[in-house]
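Structural description and commentary
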Amino acid sequence: MKVAILSGSVYGTAEEVARHAQSLLNAAGFETFYNSRASLADLQAFGPEALLAVTSTTGMGELPDNLQPLYSAIRDQLPAAWRGLPGAVIALGDASYGDTFCGGGEQLRELFGELGVHEVQDMLRIDASESVTPETDAEPWLEQLIATLKG
C-alpha cells in the first residue's frame, strides 16, 4: 500500500514525527512518499492509497506556513481519486492555548472529510507541554495505524 505523508511544521517537530512515521511505515512494508515541501502534483504523481497528515498548530489554531499552499491546492481541487481512501491525522499543539489546541490538525481532519477520506483512527493529539519526545509518543498510535492499514 502506498501511503502519502503530509506535514506542516514551524520548528521542525512535526517533520521529525512525520519522518519517524515514514520509517515505521517503510519497516512495515508500506511504500511511502514524504516531502515537507510537496506540491499537489507531487502527491498525485505518487498515487496514494492512504493519507497520513502530521501538523503542528500556529497562532490562533492555524496551519504552519509551509503547509498552507498544499492545503489550499487540495481544497481548491478536491482530488476525486482520494475519495474513500483511509486517512489519519497526528496533531501537535500546546494545551495551554485552550480552544485552539491542535487546531491545525482539526483543519486537516475537516479537509479529509471534504475529500471523502475515511478517518480510520481518531486524531492523535500530542501536547507540547507534556511531551519531550513526540516521535516516540506517537509510536503506539502509529503501530495501531499500521495494523489497521494492513487489515
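Residues numbered from 1 in each chain as written. Predicted model: local features only at pLDDT ≥ 70, side-chain atom pairs only at ≥ 80, totals over all residues. Heavy atoms only, no water.

A tally of helices and strands in the chain yields six helices and six strands. In the chain, the succession of α and β elements from N to C terminus is β-α-β-α-β-α-β-α-β-β-α-α. The C-alpha extent of the chain, read off along each of the three principal axes, is 40 × 35 × 25 Å. Of all 151 residues assigned to the chain, the portion counted as buried reaches 51%. In the structure as shown, the chain presents an accessible area of about 7100 Å², 48% of it carried by carbon and sulfur atoms. Charge-centre separation for the chain: the mean point of 8 positive side chains lies 7 Å from the mean point of 21 negative side chains. (Helix = DSSP H or I, 4+ residues; strand = E, 2+ residues; numbered from the N terminus. Buried < 20%, exposed > 50% of the residue type's maximum accessible area, 1.4 Å probe, protein only. Areas by Shrake-Rupley, 256 points an atom, 1.4 Å probe, with all protein chains shown as cover. Lys, Arg positive; Asp, Glu negative; His and termini not counted. Charge placed at Lys NZ, Arg CZ, Asp CG, Glu CD.)

Attention now moves to the packing of aromatic side chains. Overall, the coordinates contain one aromatic pair when judged by the stated rule. For K2, the ring lying beneath its charged end belongs to F46, and the centroid distance is 4.8 Å. (Phe/Tyr/Trp six-rings, centres within 6.5 Å; stacked < 30°, edge-to-face > 60°. Lys NZ or Arg CZ within 6 Å of the ring centre and 35° of its normal.)

What follows concerns the environment of A41. Tracing the backbone through its elements, the reader meets A41 in helix 2 (residues 40-46). Remark: the alpha-carbon pair of A41 and Q68, spanning 27 residues in sequence, is separated by 15 Å.

Now for the packing of helix 1 (residues 13-27) against helix 6 (residues 139-150). Where helix 1 contacts helix 6, the two axes come as close as 10 Å, and the packing angle between them is 40°. Taken together, helix 1 and helix 6 sit at an angle that is classed as oblique. Helix 6 is crossed by helix 1, and the crossing has right-handed handedness. Residues H20, A21, L24 and L25 of helix 1 form the contact with helix 6, whose own contacting residues are E139, L142, E143 and I146. (Axes fitted to C-alpha atoms, helices over the stretch in contact; angles between N-to-C directions. Parallel < 35°, antiparallel > 145°, perpendicular 65-115°, else oblique. Left-handed = near helix turned anticlockwise from the far one by under 90°. Contact = heavy atoms within 4.5 Å.)

So, about the pairing of strand 2 (residues 31-34). Of the strand pairs in this sheet, strand 1 (residues 2-8) and strand 2 are connected by four bridges, and their pairing is parallel. If you follow K2 over to strand 2, its bridge partner there is E31. Where the polypeptide runs from strand 1 across helix 1 and back to strand 2, its parallel neighbour, the crossover connection is right-handed. (Pairing = 2+ DSSP bridges. Right-handed = clockwise from strand over helix to strand, strands pointing away.)

This next bit is on helix 1. Between its first and last C-alpha atoms helix 1 spans 21 Å; for 15 residues at 1.5 Å apiece the expected length is 21 Å, and the two agree. For helix 1, the full list of buried residues reads A14, E15, V17, A18, A21, Q22, L24 and L25. Each element contacted by the buried residues of helix 1 is listed here: strand 1, strand 2, strand 3 (50-55), strand 4 (86-93), helix 5 (134-137) and helix 6. (Expected span 1.5 Å × (residues − 1).)

Of all six residues that make up strand 3, six are buried, and the element is covered over most of its length. Judged by which residues are buried, strand 3 turns out to be covered on both faces: A50, L52 and V54 on one side and L51, A53 and T55 on the other are all buried. Taken together, the six bridges between strand 1 and strand 3 define a ladder with parallel strand orientation. Directly across from I5, in strand 3, lies its bridge partner L52. With five bridges joining them, strand 3 and strand 4 adopt parallel strand pairing.

Attention now goes to the packing of helix 3 (residues 68-77) against helix 4 (residues 103-115). Remark: helix 3 packs on helix 4, axes separated minimally by 10 Å, with the N-to-C direction vectors making an angle of 25°. The pairing of helix 3 with helix 4 is recorded here as roughly parallel in orientation. For the pair helix 3 and helix 4, the crossing hand works out as left-handed. Contacts from Y71, I74 and R75 in helix 3 reach Q107, L108, L111, E114 and L115 in helix 4. A per-class count over the contact of helix 3 with helix 4 returns five nonpolar, one polar and two charged. (Nonpolar A, V, L, I, M, F, W, Y, C, P; charged D, E, K, R; others polar.)

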